[in-house]
Amino acid sequence: MEAEQFTVRFAGPEDDPAIAALVVEGFMDKFRPVFGRRMDRSLRVMEKWISLEHASGGVTSLVVEGYSTSELAGSVGVRTEASREDILARGLWTSLTRNLGFARAVWATTLLSYPRYSSDSSEAYVERLVISPSFRRQGMARRLLSAAEDLARDAGKKTVGLHVTGNNLGALRLYEAEGYVEVSRQRSLLTSYFLDIREWLYLRKEL
Ligand SMILES: CC(C)(COP(=O)(O)OP(=O)(O)OC[C@H]1O[C@@H](n2cnc3c(N)ncnc32)[C@H](O)[C@@H]1OP(=O)(O)O)[C@@H](O)C(=O)NCCC(=O)NCCS
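Described below are features of the structure shown in this document. Please read these numbers as outputs of a predicted model, since none were measured by experiment.

A few words on a nonpolar patch on the surface. Residues Trp 93, Phe 102 and Val 106 make up a contiguous nonpolar surface patch of about 290 Å² in total accessible area. Within the secondary structure, Val 106 is located in helix α5 (residues 102-112). Residue Val 106 is classed as partly exposed on the basis of its relative accessible area, which comes to 35%.

This paragraph deals with the site of the ligand. Lining the immediate surroundings of the ligand are 20 residues, of which Leu 129, Ile 131, Arg 137, Gly 139 and Asn 168 lie closest. Separating an oxygen atom of the ligand from a backbone N or O atom of Arg 142 is a distance of 2.9 Å. One nitrogen or oxygen atom from the main chain of Gly 170 is found 3.5 Å from a nitrogen atom belonging to the ligand. The protein chains hide 77% of the 910 Å² of surface that the ligand would expose on its own. Going through the elements one at a time, β4 (123-131), α6 (140-154), β5 (159-165) and α7 (169-177) are the ones with two or more residues in the shell around the ligand. Among the elements that line the shell around the ligand, the one with the most residues is α7, at 5 residues.

Moving on, we get to the pairing of strand β2 (residues 59-65). With 6 of its 7 residues buried, β2 lies for the most part within the structure. In the sheet, strand β1 (residues 8-10) pairs with β2 via 3 bridges, with the strands oriented antiparallel. For Arg 9, the partnering residue across the bridge sits in β2 and is Val 63. Where β2 and strand β3 (residues 72-79) come together, 7 bridges link them in antiparallel fashion. Pairing of Thr 60 across the sheet is with Val 78, part of β3.

Our next topic: the pattern of salt bridges. Applying the stated criterion across every chain, the model contains 12 salt bridges. Where Asp 15 meets Arg 9, a salt bridge forms, and the shortest distance between an N and an O atom there is 2.8 Å. Relative accessible area serves as the criterion here: at 7%, Asp 15 is assigned to the buried category. One salt-bridge network, held together by shared partners, links Glu 182, Arg 185, Arg 187 and Glu 199.

Let us look at the sheet that holds strand β6 (residues 181-187). Strands sit in the order β1-β2-β3-β4-β5-β7-β6 across an open sheet of 7 strands; the sheet is mixed. At either end of the open sheet lies a strand with only one pairing partner, and these are β1 and β6. Direction aside, the axes of adjacent strands within the sheet are offset by 25° on average. The sheet strands contacting helix α3 (residues 42-55) are β2, β3 and β4, and the helix crosses β4 at an angle near 155°.

Conventions we followed
Residues numbered from 1 in each chain as written. Predicted model: local features only at pLDDT ≥ 70, side-chain atom pairs only at ≥ 80, totals over all residues. Heavy atoms only, no water. Patch = residues over 30% accessible without salt bridge, like charges linked within 9 Å, V, L, I, M, F, W, Y side chains within 5 Å. Areas by Shrake-Rupley, 256 points an atom, 1.4 Å probe, with all protein chains shown as cover. Salt bridge = Lys/Arg side-chain N within 4 Å of Asp/Glu carboxyl O. Helix = DSSP H or I, 4+ residues; strand = E, 2+ residues; numbered from the N terminus. Buried < 20%, exposed > 50% of the residue type's maximum accessible area, 1.4 Å probe, protein only. Near = heavy atom within 4 Å. Polar contact = N/O pair within 3.5 Å; in protein donor to acceptor, adjacent residues only side chain to side chain. Pairing = 2+ DSSP bridges. Axes fitted to C-alpha atoms, helices over the stretch in contact; angles between N-to-C directions. Contact = heavy atoms within 4.5 Å.

Here you go:
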């Protein structure tokens, strides 16, 4: 099937568990060192994180359906405004301590705080773009990215920005092919050592 035949739509609250599952699966390399032996809790924490992101405002999620309306093949979050940080940060901390205990929650918060990002009112920010492994290389990420850009345009944004890790060559190729160019790089010894992520590239596209 061609990517155009799959439905892209706005996510509703009922999609939060499926989005969380896609994110945990797609970013397993990043989450394993964060959660350690409590990896079984990652889904619960991520589900809470996604629902908090939606509840605290600023982020809209888009999904692409798989072979049926109840199956999600991929998802992306688009930030067009700053979130209510008090709701987001407090809720996430509560979920992390409840699921991982205090010490591991401190550790997780430190690692999950990368990459550093500060919002810009003329720019939309694309985050957690992910396609389920069995649906990859069919143009679905390209479609979701294009829908995210439409959403940004509708919100009056002039540019779209996103982070990608320097070792994520597939995603880098996708973004470059879609017109994103590198504007800056962050390096972190911490994520280099513990997540095998030496650099985070910030890419931007003019709309
Ligand atoms: C990166 C990711 C979103 C790509 O999803 P996808 O649906 O397979 O991507 P598409 O089919 O739309 O690919 C479009 C183009 O991107 C490039 N591309 C995508 N994945 C690639 C890969 N693994 N290797 C090389 N190029 C790749 C190709 O140029 C491709 O065009 P082509 O298939 O005609 O050659 C997916 O692999 C994924 O979910 N990875 C895990 C999570 C992740 O890394 N997300 C990105 C965070 S920044």
